[in-house]
Every structure is written in structure tokens, then in C-alpha cells.
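Summary of the model geometry
Okay, here's what each chain looks like letter by letter:
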Amino acid sequence: MAKISNIHEQSHKPHRLRQAGPSKNTKKKKQHGGEDEKSATLRSSVKAKKLQSRSVEKEQRKLHVPTIERNYGEPPPFVVVVHGPPQVGKSLLIKCLVKHYTKHHLQDVQGPITIVSGKKRRVQFVECPNDINGMIDAAKFADLALLLIDGSYGFEMETFEFLNILQVHGFPKIMGVLTHLDKFKDVKKLKKTKQRLKHRFWTEIYDGAKLFYLSGLINGKYVKREVHNLARFISVMKFHPLSWRTSHPYVLVDRFEDVTPPERVRVNNKCDRNVTLYGYLRGCNLKKGTKVHIAGVGDYDLAGVTALADPCPLPSAAKKKGLRDKEKLFYAPMSGLGDLVYDKDAVYININDHFVQYSNVDNKNEGMTSKGKDLDVGEALVKSLQNTKYSIDEKLDKSSISYFSRNANISSEAQNDAQGNHEALEQSHSLEPNILGEETDAEDLDSSESSDQDEAAQKDAVVNGESGNSDEEYGNPKEQVEFHEGRLRRKAMFGNDIDDKDLKDSDEGSEDDDDVDDQSFSDSEFSEENGDDLERNEEDVGNVSKWKESLVERTIPKQNTNLMQLVYGKSAPSPINEGQADSEDDESDDEFFKLKGEGNKKSREGFDVENVDADECSKFTNYSDLKKWINEEICESIRDRFVTGDWSKAAQRNQLSTATVVDDEDSVSGDFEDLETGEKHGSHQREESGNGAMQEEDELEEGQRRLKKLALRAKFDAQYPFPVKLFHYSYEEVDEKNEAKFHRGQANESGYFDKLKEEIEIRKQRNIAELNDLDEEIRLEIEGFQTGTYLRLELHDVPFEMVEHFDPCDPILVGGIGLGEENVGYMQARLKRHRWHRKVLKTKDPVILSIGWRRYQTTPIYAIEDRNGRHRMLKYTPEHMHCLATFWGPLAPPNTGVVAVQNLANNQASFRVTATAVVLEFNHAAKIVKKVKLVGHPCKIFKKTALIMNMFTSDLEVARFEGAAVRTVSGIRGQVKKAAKEEIGNHPTKKGGAPREGIARCTFEDRILMSDIVFLRAWTQVEVPNFYNPLTTALQPRNKTWQGMKTMAELRREHNLPIPVNKDSLYKPIERKPKKFNPLVIPKSLQAALPFESKPKNIPSRRRPTLERRRAVVMESDERRVHALVQQLRLITNDKVLNSLKNVALQMKKRKLKKEQERKKLEAEKAKDEELSKKRKREIRRERYRVQEKLKKKPRRNSDA
Amino acid sequence: MGKVSYKKLRGSQNLRQRLLLATLSATPIQIEDIRANDMLPGLLPHEVSLLRLLEKISDDCLVKINETGTKLKYKPGILMGGRHLVHDCGVSRAIGYFLEPLIVLGLFSKKPLSIRLKGITSDSKDPCVDTFRSTTLPLLKQFGVPSEGLELKIESRGSPPHGGGEVLLSVPIIQSLMAVTWIDEGMVKRIRGVTFSTRVSHQFEDTMIHAARGIFNRLLPDVRIFTDHRAGPQAGNSPGYGISLVAETTSGCFISADTAVSYARVDDGGMEDERQELMPPEDVGEQIASVLLQEIEQGGVVDTTHQGLLFLLCALCPQDVSKIRVGKLLPHGIEILRLIRDFLGVKFVIKPDPSTGTVILKCVGSGLKNLSRKSS
């Protein structure tokens, strides 16, 4: 063995350490660590503790509060907004991406383009418009923003503006894309630029943010490989929910139609229009009564919401490896991709050549899905049309006969032809609504009847409208058919049939009987064409009429709908507006013959027997039918409701009910897939769909146990960090990962987080379970439209400008308004001027704010909170600080981000985002105050009391300020007492006028002077102007700049007005006259009384010398000598001192000189050295250059040769 | 700026709930024909008092009543809450009438609410304050309302007709409620109660307790009824007595019944000097015990009095599914369901459970958040 091992060892070549290069050192270091383990460990326990706590803290900081995600169905396509300054290649990028995904060439990019990018994922590309309004709106719906940057130019303001807007509105995912990199000829420069731009990008977002490089164009397209990579990144991108969006429904409109009756438009071109907007519902569920805000237009009630079949569905869930080419679907009605071509006033339905094969199986691309079991009328019709062997003309000739039997009065051949043509086409076209109707009908069979009625009526109306068309509208064809390059192109006149339908919709019910007739009529008409469908059609008709007959019977056995009906009434009225309308109607009939009180009684149904003015009382005790609980047997009847009773029976009581519920669920949700088992056994490619919750119900019959199981599964989810949910946002996954890490680290500490997650998971599963056991109708009523459904929103009375100035390049955002968000009021926001904006903002100058879905102009008042809680007004925003901004406008919930913009113009060079803010609260009571200083002068001074005038203008004002503190400039404090009365000194003027008003009597702590100025410092409230002006940018041409209220500065500039100057506020040079004080004179008598200490001693100098001074002194000879001697001695000493001082100075000078010399010397030496080194360096460099030059020359010569 | 569009309603019915829902959903309402055909047209004193109370706890709210009082315009403001508020509820309705909306509004206001309410603490029409303490506050806790700061203190009691009671209510603020799944009624494990008497002998209370226990004893041994006899200034201005019982189940449901006996009010009882006989305390005790048993028999997680509140709280939850079980749907509850539909757009799925004779309701909450709360 040893031998073998030896051989074995020998066969290996030993690892050779690096001998050179940077990795040499690193290796060594590591080795060193390995050798001496002790040195790697921490020596200090304190330090270890600190490190540990730090790491724990870091981990904790990574955790987010888990949020419940309430989107249960298929997610809507993710919105990828492509943004960049003009001419940077946005459209081209979208085109390339579309080409990559769908293999189709896109002519021009207009409006959102929906693309199926994977088995589970759809993407919607939107090009961001170049104006700031469009950017703001785009930031609100973007899930991913691709920021295109011209690499050859560098960053432009638009990018940063957009980044700021994104940040405020929730910060979706961002990827940068550098284009125009082929303009760099120098590789080094390119590399450097890339590096520079990347780092700048990182500082703006986060370190490591993805920045893509598109190196150049090949045949006018980006390089395929790079686009492919980019597409890969897009399709694996994970999105996390943003709080504003998860709480508000919104629709990014990808199809827009004007459905105003054409007659109305013809009569008045500027009448209010009815429009329909189509798009995927995002955010949260949309309930029927919700109001919506259309960005740039205004708030509207939804006149109608309908869920439509998904025009761009995900590929079927069947197991397949990849996407087959055929299923790579895309939908972009505004830019002419897909089935519909969008035009200004018409929609072209476009059928691609190779799809017009009228295959027997597949007619998907006409936007309908076959129900599966039995064919519908329309479908059969299409099939029969497809199966024909004859050409269309021949067929039409034949088929026209059948019409003629009906419309005998038309005889001309030409008409004949044309009409037949229209008819046939119309029929085939009419399939869409018809099938829709059928579908809903089929669903209705098992659903409650309340909406049945609507639905059926609608359907009837549809059919009716059609047959009506075929009867009457010969002269006015609905579709124009063209054969264009071998392709059938049908131009449908804008919105005709839809209105018909709507008109009928509005007066539903009234003409039910006619409808039925009509329907049978039209059915029979169909049946003439294709006999084999006859029976089925009649069945349908029978069905329709049947439900009307057995309406009551069918609802009776359904207890639940019955109770709901009892409570909510039969046909659910729209929650708002309707109120008590029905009772009113009833009253009008009966009023004459009934007692006042009884009128209402009859009109209400069911429980509701109270009258309108019933006394309100939550307590409802009926003492009359109290049982005799003293009786033994009555008492025993509820024995089981007490703990003293039979526990098992009581348990059964609760269980029974749940069991029934479960049964219900089973009956409803029988077709759910069982995915759980597969997933439980450890595969991580689990697909969790909404139905996932419902598995294994057949085995388990108890809801409780199921929930427990779900909880277990939640735990399982939490423990395994695999990318579990394909549908779900990355947010959770990240959390899970974190958490898993945590598990390994400190298992016990993550308990709380675990618990939170588990709770949320249980709640979610419970929601799904509860919702799934409702039938579709009720679910829609309870929950609203689910996110991800394709909706058709109908709006009435929209200004015509919206249609007139509609531009498909400017995406329309429709956002739902939450409870209380349509109200206007005062809001307080914490605002900070953007540091790139050049000027500070002025109070009461209008700014444009973007909050929530809205954009509006308002006039904020800036304030700051003082230490004592007072909100002090600021004239201007602080330079680098947050301040409070209070403004009036439609309310947005606290914590909503706000972007402020002052100038919308595109031609502005500087940064347009003026400030960012976040809403703090709604605050009506926020008192913003500003300082006011009342100035007055004393007009009469008593001892410590003074009368102050000019401070107030009336006695009433004085009364208001009684007790207020005043102060003089010199600092003497005082108080306002009262308005000065006459007798105290405020005498009427001598000419006999009334006493002057507004003179206040004040007392001071000391006597003030007449020259004093008296101040009263007070605070006065500032009103926030009640002004807001919604931005109606969608109602004007896009190239025009919206003009709202102008700022003061703009107005001044326009009118050439100077800035008003208050002269008093100007600073003047301060002139201070020297104060002259009079000498202190102490009276003689006082002086005499003073003690010696206090007696004035320094008697001032006299002008005339005193007598003593004036007198001459005559010295004697002896004295004179002494005096001379003394003087001489003094001279000597003085001289000595002087000399010594001189000496010292000299020495100092000398020393200084010496130092100077030394320094000079040193400097000279240094200079010399430097010269030398320079020389040397130069030589070295020269040498190097020479060598380089040589090297360069060599290859050149080679290449030349 | 901005024309306010009012939601139009008629009649005085459910005024309290309408005002409550209008305030929560920030919908301006206009009510017409308030008792237009009555002998005494217009708003009654307690309704006006309720409006005043709303004005007191909210900011920027607008109440306009026309001269006859038959027309009311109400534009809700922002709920402020606040401490040291005082409100005189008057004597036309008991404090319970005001407490019911106030509790919900307090949860959604800017600052925690603490308010002193003066008036009648218990009468036969409205749930008495003891029931609030014992049943309503625990009900709120089911929806995730923290128990600290949620309190009702009875300072003094007052019976009709002259009142004189005083309670101190404090309600914490919340960000949002929590959806419940609450269908397990459990079994009654204990019965508690309070009797109270003002300006009458405390013998009355003992008699009531004795009578009530007589009925319960056969079913449950764990029955404890406390007495709360007030005298002097704490007893209010008029004599009266009453009892409030609550049955607690194993699953944490509280089912209550209460009543109070006192002399009738002057306006609806005729002359003051001819006082009718009060119901004897034995009968009161027996009756209320029977009512409680009836409530228990009906089933459901709450008693009939709290149905409306329960529905409302469910509708105010975040957008999760709430599932609850109640006994019989009462007219009051139905009215509230309708109002919830009108104001909040929340519809309930109502399914009877025939095996127990109860009703199971399900709804997806409206996702109301406390908007007035200041973000820090």
C-alpha cells in the first residue's frame, strides 16, 4: 500500500507557488495565516464580542419587514421603461429587443409593446417620452427602467432627473445602458470613459449597479449578442413590490378608443367624449366603484369596467422545454404590431399572411379562445367560412340569396354584391362580441342571477345591435375591406359597433322581449347558412329564455345568494349615487293613499321594515319571546354550549360547519392541480400558483388541518432558500435567503422574523383558499378585478382635447384613487431643495408637485419647526436643509413621495427637479406663524409708566394685546396695560378733536426715555393659499409647454417691473456721534457729608494754573548744586539702560542675519539638487521614449512592408 | 377651489353609522328629510350632540344643519383625537350610543384619544358601559388593537332620566387592523357580570344576582357577578339599577347581555309625578339571564349588540379575507352591511350554516389605513 501511495504521490506534480506577480504575496499571506492559527484568532474577547454584535447587526439590517403580497393570479406583464435623452437610441433598443424576442421587425415604437418573453413572463416595453411630464408618469408605472446613456457624450440631465423622479416614486429596478460607444476610436479612452461613467452611475444608484455597454451598430442594429445578453438580464430580473403601487390599482393603457356616438361628434366637434381605455390591471385589485385618475387629464368615475380575454396570454402551461416560435406572442396595438393597427380614427385589423390559413384548430390570433367543449355559433360560422372551397366572391354571390329573402325591397345587382360583402364580413367580425357573450352565459349558468341579468341583457344587446346593423346600415358600412398585397386588411370604422352595444347597455331590461325576438331572428338567419348548427343555436336561445322563466326557482335553493340578496338587494346598484333612489320612486305612487309613516314600509324588502327615520339602536333584545329558561328541558337544550356539556358535540358543531365549507370548496374547485406532492419531495422548481393552496383536499377534509399544513409549508419555504416562487417577487426570496443564512448563524434569534413570515404565509394561503371557494361572480363582487386581467375601462364625458391631442407615444396612466384621496385639504411635507437646483424656493411661489398619481400646481408655504414646536414660516427654503412645506391639494397618504418641478419646459438647460419631499401628515391645524414686530414711541412718560403711540391703530387692537410683553431697544422690559384713557394724559388735541386712538399704556421695569423705541414682538398666523391646479398636459399638444400660474419673478420679468425695495430695510452706514457726557457734579453740601473715601479726589485740571503753580521758585546755591547732581545721575542711569537695550537689539539683528544666510544656502542647495534630478529624469524619459519610438516604428515598418 | 360632491341620503335612520362611515371613508354626505313628517321634525338632541362630538375630535370638519334640522350636510375632516377632551352627551341617549362610533374613530385618529363623556351610563336602549368594558374592548383586541391605552373607566354612574354619570374613554391609535378568521364560537366556560345601582338600596343588586344565578347554576358553576353600588356624587342624579352579564367561551368570544331599570324620561313618559312602578329586581335578573342564554343559543362569535361593530371592523381590515360567524342577522346588522357596501365598497359573502343555525360572513377588507397618523 505504501508503495502504491508512494507511486501515487509521485505521479502528482507538486503545486508550484507563484514566483512573481501580485498573487505571490497574497498566497504567502494566506499561508502565514495557516501556519499560525493563533494569530488569526482574536486576542481580545471584547473585540470579539464587538465584531460579533456588529455582524449580527448587519444581518438584522438586511432584513425587511415582510409584506403580504395579495396578487394571486397571473401577474401582468412587467413594464420596462426605456428612458434616455433624445437621439440616444431608445427606439432602436426597443426594436432590437422586440426583434430578439419575437423575430419580428418593428416599424416604429408607439405606445406599450407587450411581449411574451418566457414561459412565465411577459414584458411590456414603453418608450419614455422626452418631456418631464412624461418622465414623471413613466416613473410611476415602470417596473424596470433602462436608462440609455450616450457614451460618447456622457450623462445628460434627463437621466439624473429621471433617476430622482424614480427614487421618489418608489425606486423600481434600474439598469443603465451605454450606447454610441462606436464613436470612440481610442480604445484606452473608451475604457476610461466606461470606467468613469460606471462609477458615476454607481454613486447615483448603488455600487455594483448593472451598466450595459452596447458597443455599436451593425446594419443599423445593435449587436445581436449584446441585445441577447440584455434580454437575458431583463428576463431574469426580479421585482419587488412598491408600497404605493401595491395599494393602488393602475392600468397602463395600451389601447385607446373614442366611442362617442359619431352623430354627437358630428353635431358638435367639441363635445365631451366617451372613451375606452384598455390595459392590464396592475397594483392591486380594482373594485367596481373605484374612481380613477388619468394622469394629465383628471379624475373620473369608471362608467364601465369589463374584463377581456388576455390579448397576449402566457403560453399554455403544458410541459415544454422552450418557447416555440409560434407562441412568441406580442401585442402592441398602438404601434401596429399584433392584430390591431392603431390609427387616429380607425383601427385596422391585421392578419398576418401565414396565419390566414383558416386552420381548423387554431384561430387564436383573432383574439378569442375556444371554450373547449362545444362550438359556439360564431365559431362554427367562422369554421364554415373557412372550410369553403370557393373564392370569396363566388361564395358571396351564393350567400347573398339568403339575405334577399329577408330584404326583398333591394333589387339592384350592384347593391346586392356590396351588401352581401359587408354582411359576410360583418358576421365574421361579429364573432368577437358574440363569443364573449356566450362565454359569460356559460359561466352564468352556475352563478347567481343578479349579474346574470346584466350579462344576458348585454349579450342580447350585442346580438340586437348587430342584426340592427345588418338591417339598416347598408349605406354606412362598418368595415372597409381592402386587399392589400395579397393580404386581407379590414378597416373598421372607429368604435361604431361598440357604441351600439353601449347604448343598448344603458337601457337594458326595458326591451328584453324584443331582444329575445331579435336574437332568435338572427339565429335563424345564421342557421340558414349552416344547417348543422341549427340545433345548437336553438338550444342557446332556449337557454336564454329559460333562465328568465325559472329565475325565481333557480335562486331559491341557493341559500347563500338568497341571504346576500336579502341584504344587498337584487340587482346590485352601484354603491355611490344610487342611495335611496328606489324608495323614492315607490313613494311617489303611494303617497296619496297611504299614511305618512307607512309609505316607506312597503317599498323595502325583506328584513327592512323600518322606516327611513327609524330610531337607531344597536341593541336588539326581544323580550317578548323569551323562553322559560327555568325549565329543565329548555335549559338542557343548550347544555352543549357550555363546558359542562358534551365537548365532542360542541366540537362537532364547529367542525360540521367547516366540513360543509370544505365540501363547497371541493365542488367548486375540483379542477385544481395537485402540485404539492411534487414539490414536497424536495424539488426546487416548484411552481406555486394560486391553486397551490388547494391540494390534497380530497384526503383532508378539515380546513383547520389544511391550514396547519400550509403553515408547515411556510416554514419549509422559510428554511430552504431556493428560488421557490417563479411568480413571486424577488423580495420574498431575498428575505428567505437572508433568513436561511441567519438560520445557520443564530437559529434562535431569527425566531421573530420567522414567525412574521409564517404568519404572512398562512394569511395568504387562507385568503387564497377562501377566495377560491367562491364562484367567479361573487368573487368579482367581493374582491374586484384581479391584477393581471386585461381590462376595458369606459369613461364618459372626457374633454375632447384628450382625443384630439392623443399621442400614442405618450403612454396614458390610469391610477385608482384610494379612500379619501379625492378630497382636497392641507398637507404637510418634509421638503428639501434639490442640491442641483440653482435657486432656493420662495414661499407662495407656485410649484408643480407630483404626488401619487397626480401632478398639480400649488403654492406651498415653507416653514421650520422651532424648538418649542412652533412652525415658523420661512420666506425661502433653506440652502441645504429639510424644511416643512404646507400646501393645499388632493390628499395623499402619509409617506408618499413628492417631486417638485418648477419649469416644465424642455429647453431648459439646468436641472429641472427643484425639490423632493415626503408627505408627513394631513394637517389643517398646523399653524404656521411669522414674526411681527410692532414699533412704537413714547408720547408721555410718567415714572415707570409710559403712553406708547404709533404701535397700534385703534383701541380695539390695544385691547387684543393687553398683557403682551414689550421692550425698549435698551432692554427695559415692560407690559401693555390698556388703551390710554383720557384722564391719564391722553388729552384731546387742543383743537377739540377726539382723543387719539391706539395709544397704549405700558408699564416698564424702569423709567424709559422719550428717545427710546418700544417694540412688541408677536407672532401672526400665515394662511396657506387654497389653490391647486391640476396639470392637464394630456389635453394640449405635446410640444406645447403647459402654462400654469407664474411665479412672482416670472411676472416681474415679463412686465419689466423692478423688485420693490423697502427703504427702511436697506442697510445704511452707521453714524455714531461721540457721546458727550457732562461732568459729574456733586453738590457741596453732599460732598461735605461724604466720608473721605467717597469724596472726589481728582480735582479737574484748571485752565488757569493755580496760584501755587504760578509762583516762582528760587533755589539757593546749595540746593541748585544738589539739584544739578541729581539730574546728572539720572542722565547717567538713563544712558546706561539705553545702551544695554541697543546691545540686545544688535545681537538680535546679527542672529537674524545669520539665519537668513543659512536658509538661502539651503535653498540654493535644494535647487541644485532638483535641477540635477530633473535632468536625470528627463534623460531617463528621453531614453524611454526613444525605445518606444523604436518599438513603434518597427511594426509600422513591418506593416508597411 | 374644488366643488365638494356630497353623497345624498335620506331620513334619519342609521345616522350614527352613516356619520361614522362617512368619516372613515372621508365621504361628504348630505342627509335630507330628517323626520320631516314627524311631530318633532329634525335632528334630536343626541344626534346633534353626536355631531358636536365629531366636530370635537376632528379637524376641518363641516357640519351644516338647516333651520328646521331636517337637512344635514356633513363634510368629514381629519380625525385628530387628543387628550383631555370632554363631551356632554346629554340625557336623551346613553353614553353607549356615543361610545360605539367613538371607539372606531379613535383607532383611526392622529393622536390617541382620551375623552371624558358625561351623561347616562346605562339605559335599556343602548349597551351599557359595563358591557363595553367587558365585551367590546376584547372584541377590538381580536382585530389587533393593542390592549395598552384601550380603556374605559367609569368614574361615576348616572341613570336616566337625569344622568350625571361620567366615563373616561381612552383609545390607542393603530396603523391598520388585522383580518380575522373567527368562526369558532367555543363553549361557555365562565359567566361574569356586574350589577350596579344608583340612588337605590344595594339590596336590589343582591336580589338581581340571586335571580340570575338561579338560572345559570344549572348550566355552569363558574358564575361570578360583582356588585357596583354607587352612592353620593358618584351615583348621578336619578335612581336606577341594572345588570350586565358576559359569557366567555373557550375560544375567547364574549357574549353579553345587559339591561337597566330606571324611571322613564319626562318627554316620553308623560308626567313626572305619576311614576310607574319599576320592574322588580328578581324579574330583571331572571330576564337578563334568559336573554344571555338566548344569545348563547343563537350562536355566533359575538352577541347581537356587537354584530354591526364586528361587520364594520371586518370591512375596515386590510385587503385580506375575514371570516366570521354570527347568530342571526339582525336588521341593524343588515343596515350596516348595506352602509358598508355603499361607503366602503365592501360586500360580504353571507352563507348560512344550517347545522347550527348561524350565518357565516366573509369579506375582503377595504384596506383602510390610518391616514391621519403622522409619519415619523
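Residues numbered from 1 in each chain as written. Chains lettered and ligands numbered in written order. Predicted model: local features only at pLDDT ≥ 70, side-chain atom pairs only at ≥ 80, totals over all residues. Heavy atoms only, no water.

In plain terms, the rule: UniProt positions are given in the numbering used here, feature names are shortened, and annotations may be inferred rather than shown by experiment.
If you check an unreviewed UniProt entry, chain B appears there as RNA 3'-terminal phosphate cyclase-like protein from Dovyalis caffra. The UniProt entry for chain B carries the following comment under Sequence similarities (unreviewed entry): "Belongs to the RNA 3'-terminal cyclase family. Type 2 subfamily." Regarding chain B, the UniProt comment filed under Subcellular location (unreviewed entry) reads as follows: "Nucleus, Nucleolus".

Looking up chain A in an unreviewed UniProt entry gives the name Bms1-type G domain-containing protein, with the organism given as Dovyalis caffra. Its UniProt record, at the heading Sequence similarities (unreviewed entry), says of chain A: "Belongs to the TRAFAC class translation factor GTPase superfamily. Bms1-like GTPase family. BMS1 subfamily." Listed under Catalytic activity (unreviewed entry) in UniProt, the entry text for chain A is "GTP + H2O = GDP + phosphate + H(+)".

Description of the overall build of chain B
For clarity, the threshold we go by: Each helix is a run of DSSP H or I of at least 4 residues and each strand a run of E of at least 2, with the numbering of both proceeding from the N terminus. Any residue under 20% of the maximum accessible area for its type is buried, any over 50% is exposed, and the rest in between are partly exposed; the area is computed with a 1.4 Å probe on protein chains only. Contacts are residue-level and defined by heavy atoms, with any inter-residue pair within 4.5 Å sufficient. Areas reported here follow the Shrake-Rupley algorithm with a probe of radius 1.4 Å; residue values treat only the protein chains shown as occluding. Under this rule, positive means Lys or Arg and negative means Asp or Glu; His and the chain ends count for nothing. The atom standing in for a charge is NZ when the residue is Lys, CZ when it is Arg, CG when it is Asp and CD when it is Glu.
In terms of regular secondary structure, chain B is built from 9 helices and 18 strands. Taken across its 376 residues, chain B has 65% of its residues classed as buried. Restricting to contacts in chain B with at least 6 residues of sequence separation, those with at least 24 account for 73%. Of the roughly 12500 Å² of accessible surface on chain B, a fraction of 50% belongs to carbon and sulfur atoms. When the 45 basic and 41 acidic side-chain charges of chain B are each reduced to a single mean position, those positions are 9 Å apart.

Some points on the environment of L92 of chain A
Residues and elements named next belong to chain A. Within the fold, L92 resides in helix 5 (residues 90-102). Taking the relative accessible area as the measure of exposure, L92 reaches 19% and is therefore buried. For the pair L92 and R967, spaced 875 residues apart in sequence, the C-alpha separation works out to 73 Å. Ignoring anything within four residues of it in the chain, the contact list for L92 reads L217, G220, K221 and Y222.

Considering the confidence of the model for chain A
Residue and element names in this part refer to chain A. Filter applied, for reference: Confidence scores per residue from the predictor, reported as pLDDT, run from 0 to 100.
Overall, the predicted model of chain A reaches an average pLDDT of 74, with 64% of residues at or above 70. Contacts from residues 361-373, a stretch scored under 50 in pLDDT, to residues over four places away or in other chains number 11 contacts. Segment residues 571-610: pLDDT under 50, and 42 contacts once partners within four positions in sequence are set aside and those in other chains are kept.

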